[in-house]
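Coordinates in review
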Amino acid sequence: MNRLWQCSYYVLFMVCSILCLSLAGCSGKETAISTSLSSPGPELDSSDEEEKEKTTDPVEEIIAPFPETQPFAELEQIPGIKILIATDIHYLAKELTDGNPVFVQMVEHGDGKVTNYIQEIMEAFTQEVIQEHPDLLLITGDISFNGELKSHEEFAEYLKEIENCGIPVAVIPGNHDINNTGASRYFRGERAPAEPTSPEQFYSIYREFGYDEAVSRDEESLSYVYPISEKVWGLMLDSCQYRDENLVGGMIDTETYAWIEEQLNFATEAGVMLLPMSHHNLLDESRIYVDDCTIEHSERLKEMLIGWGAPLYLSGHLHVQHYMNSDFEWEAGGDTGIYEIVTSSLSTPPCQYGVLFFQENGSFQYHTQILAMDSWARASGQDDLNLLNFSRYREDFLENVFYNQAYDELSKVKNPEFTPRQMERMAQVYGKANCYYYWGRAVEIADALQKSQEYELWWDYAGNSSQAEYLDYILDEALMDYNYLKVE
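Only a predicted model underlies this, so the values are computations on that prediction, with no experimental measurement involved.

Quick notes on the environment of glutamate 488
Along the polypeptide, glutamate 488 turns up in the segment after strand S15 (484–487). Taking the relative accessible area as the measure of exposure, glutamate 488 reaches 76% and is therefore exposed. The spatial distance from the C-alpha of glutamate 488 to the C-alpha of glutamine 365 is 8.3 Å, given a sequence separation of 123 residues.

Considerations on the layout of surface pockets
Here the second largest pocket is characterised by a volume of approximately 340 Å³. Along the wall of the second largest pocket there are 18 residues; nearest its centre are Asp111, His176, Val248, Cys293 and His317. By residue class, the composition of the lining of the second largest pocket is 7 nonpolar, 6 polar and 5 charged.

A word on the sheet that holds strand S1 (residues 81–86)
Where strands meet in a sheet, backbone hydrogen bonds hold them as pairs that are either parallel or antiparallel. With respect to topology, 6 strands assemble into an open sheet ordered S3-S2-S1-S13-S14-S15, the strand pairing being mixed. Each end of this open sheet is capped by a strand with a single partner; those strands are strand S3 (169–172) and S15. Within this sheet the neighbouring strands show an average axis-to-axis angle of 20°, counted without direction. Alignment of S1 against strand S2 (residues 136–140), held across 4 bridges, turns out to be parallel. Across the sheet, residue leucine 84 finds its bridge partner in S2, namely leucine 137. Against the sheet, helix H3 (residues 118–132) engages S1, S2, strand S13 (352–358) and strand S14 (364–370), with an angle of about 175° to S1.

Quick look at the pairing of S14
With respect to burial, S14 is a largely interior element, 7 of its 7 residues being buried. Neither face of S14 is left uncovered, since the one carrying Phe364, Tyr366, Thr368 and Ile370 and the one carrying Gln365, His367 and Gln369 both have all their residues buried. Across 7 bridges, the pairing between S13 and S14 is antiparallel. Note that in S14 the partner of glycine 354 across the bridge is threonine 368. Where S13 folds back on S14, the antiparallel hairpin that results is connected by 5 residues, among which glycine 362 adopts a positive phi of roughly 95°. The pairing of S14 with S15 spans 4 bridges and is antiparallel. When the sheet's bridge partners are listed, phenylalanine 364 is paired in S15 with valine 487.

Some thoughts on the packing of aromatic side chains
All told, the structure shown has 23 aromatic pairs when counted by the stated rule. A ring pair is formed by phenylalanine 202 and tyrosine 206, whose centres lie 4.7 Å apart and whose planes are at 45°; its orientation type is tilted. Of the two residues, phenylalanine 202 and tyrosine 206 are both situated in helix H5 (residues 199–206); the distance of 4 residues between them amounts to about one turn of the helix. Assigned by exposure class, phenylalanine 202 and tyrosine 206 land together as buried. Centre to centre, the rings of tyrosine 403 and tyrosine 407 are 5.7 Å apart; their planes meet at 25°, and the pair counts as stacked. Of this pair, tyrosine 403 and tyrosine 407 both sit in helix H10 (residues 390–410), 4 residues apart, roughly one helical turn.

As for the side chain of asparagine 179
With respect to the secondary-structure elements, asparagine 179 resides in the loop between S3 and strand S4 (184–187). Take asparagine 179: its relative accessible area is 18%, and that puts it in the buried class. A polar atom in the side chain of asparagine 179 sits 2.6 Å from the backbone oxygen of tyrosine 242. Leaving out residues up to four positions away in the same chain, asparagine 179 has contacts with Thr197, Ser198, Pro199, Tyr242, Arg243, Asp244, Glu245 and Asn246.

A look at the pattern of salt bridges
In the structure shown here, the tally under the stated rule is 13 salt bridges. Between arginine 243 and aspartate 253 there is a salt bridge whose closest N-O contact spans 2.6 Å. Note that arginine 243 is positioned in the loop between strand S8 (232–236) and helix H6 (254–270) and aspartate 253 in the loop between S8 and H6, a separation of 10 residues in sequence. For arginine 441, the salt bridge goes to glutamate 444, with nearest N and O atoms at 2.5 Å. Judged by relative accessible area, which is 4%, arginine 441 ranks as buried.

Considering helix H13 (residues 453–461)
Buried within H13 we find Glu454, Tyr455, Leu457 and Trp458. Relative to the axis of H13, the buried residues are bounded by an arc of 160° and lie together on one face.

Some thoughts on unusual backbone geometry
In the segment running from proline 349 into proline 350, the intervening peptide bond is cis, with an omega of 15°. You can see proline 350 is positioned in the loop between strand S12 (339–342) and S13. Notably, histidine 90 is not glycine yet its phi reads approximately 50°, a positive angle. The residue histidine 90 is located in the loop between S1 and helix H2 (101–108) in this model. Residue histidine 90 is classed as buried on the basis of its relative accessible area of 1%.

Cut-offs used in this document
- Residues numbered from 1 in each chain as written.
- Predicted model: local features only at pLDDT ≥ 70, side-chain atom pairs only at ≥ 80, totals over all residues.
- Heavy atoms only, no water.
- Helix = DSSP H or I, 4+ residues; strand = E, 2+ residues; numbered from the N terminus.
- Buried < 20%, exposed > 50% of the residue type's maximum accessible area, 1.4 Å probe, protein only.
- 1 Å grid on protein atoms, 1.4 Å probe; cavity = no way out; pocket = protein on both sides within 12 Å on 5 of 7 lines; lining within 4 Å.
- Points joined across faces, edges and corners; volume = space filled by probe spheres on them.
- Nonpolar A, V, L, I, M, F, W, Y, C, P; charged D, E, K, R; others polar.
- Pairing = 2+ DSSP bridges.
- Axes fitted to C-alpha atoms, helices over the stretch in contact; angles between N-to-C directions.
- Contact = heavy atoms within 4.5 Å.
- Phe/Tyr/Trp six-rings, centres within 6.5 Å; stacked < 30°, edge-to-face > 60°.
- Polar contact = N/O pair within 3.5 Å; in protein donor to acceptor, adjacent residues only side chain to side chain.
- Salt bridge = Lys/Arg side-chain N within 4 Å of Asp/Glu carboxyl O.
- Arc of directions from axis to C-beta.

All quantities given are derived from atomic positions and should not be read as evidence of function.
In structure tokens, the structure reads:
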């Protein structure tokens, strides 16, 4: 009772704090969404004055990628089980880094994860889950940064806090989580090995978050069936390969397929609806990330689930917000196959999670919700300006990571016919477009991107680069906003 009282007290505290801040005009600066990638600016010709050093500050004319609010965050709740979905958190334990230059370099030139604030992100997420009070929290893999045992042990404490407030939690592993040879600690300017996590240790740490309640366990993997409700069961599939050491790609063993078939028959006999999920993707969700994302030989699993009548599949791994239907891959339609929703990484801006309302007949509504870091920082008494203005920090952070990727690639071009100023603009446009793609909202800037001078420069002077091809893929996939889906 004391613990439940503490949870209720915190929710009341958060509501009052946010209300007071709103009344005081401190809810944060609103950022308008523009439909053009660049506002009118100077022509980019070869006479631009050359600059000796690269500019890492965002080019002033480029629009900001992340507004503070999201149009789907305030949708009316529909009937059904309320499930929150978080994935690819890549948590790194506090004691595994002192924030040295090696760590900073890794973060700023990585893939966009805000690892330098991952503890604060999890603090805010934990309290937001408690406030939202769903029927279930799902964690669909890549819980740890690189499989460090300390990271898993520390992360499990957040899940205990959530469950102590009466919210069930169910987890499955990701490709980073088990037998990862990259498990590291970052101290005194060096990267050194850290203790990894074995399959047995993973089970021991997380057994109370799904496994102990399992209707059935697969003996060959960490797959299990979780009773979400009396009429809805989660088919929690371990798609990871880690027998000797971890591999990036996903696969399901023959023995596990036999177990899956048994569970489909069992669910039919019990008259329940199945909600299957894994870390890796069931469908070929991305033309950009084509290697190691879709489960190897997933056609068999797809046919089994469609034949059974499963309406929805959940996954992560991409770090990109996306969805599609197996009937019409790369098209907006499709209503007789199975839908797959890929929730973007919680640790990658805009730092969001999925909200799913799932009904016993298979109808569902899904939307994403951006983590309210600014409000949490104020309510919890933080004094770090990056946290207090996280809605601005996250956009600059992610854009700068992608900017660095593009700038580093353009710097390798021999005898370039573009000027340093043009190179900066090309890198900025690449960074901006990639931000929108990760967010699942590239459709908003596709037309402006295709018409921009910077896009033409990429193909004129760096057409052989992976980044130029990447921009074309972004345009190909910019079909819709992938942050909302409703199927009745």
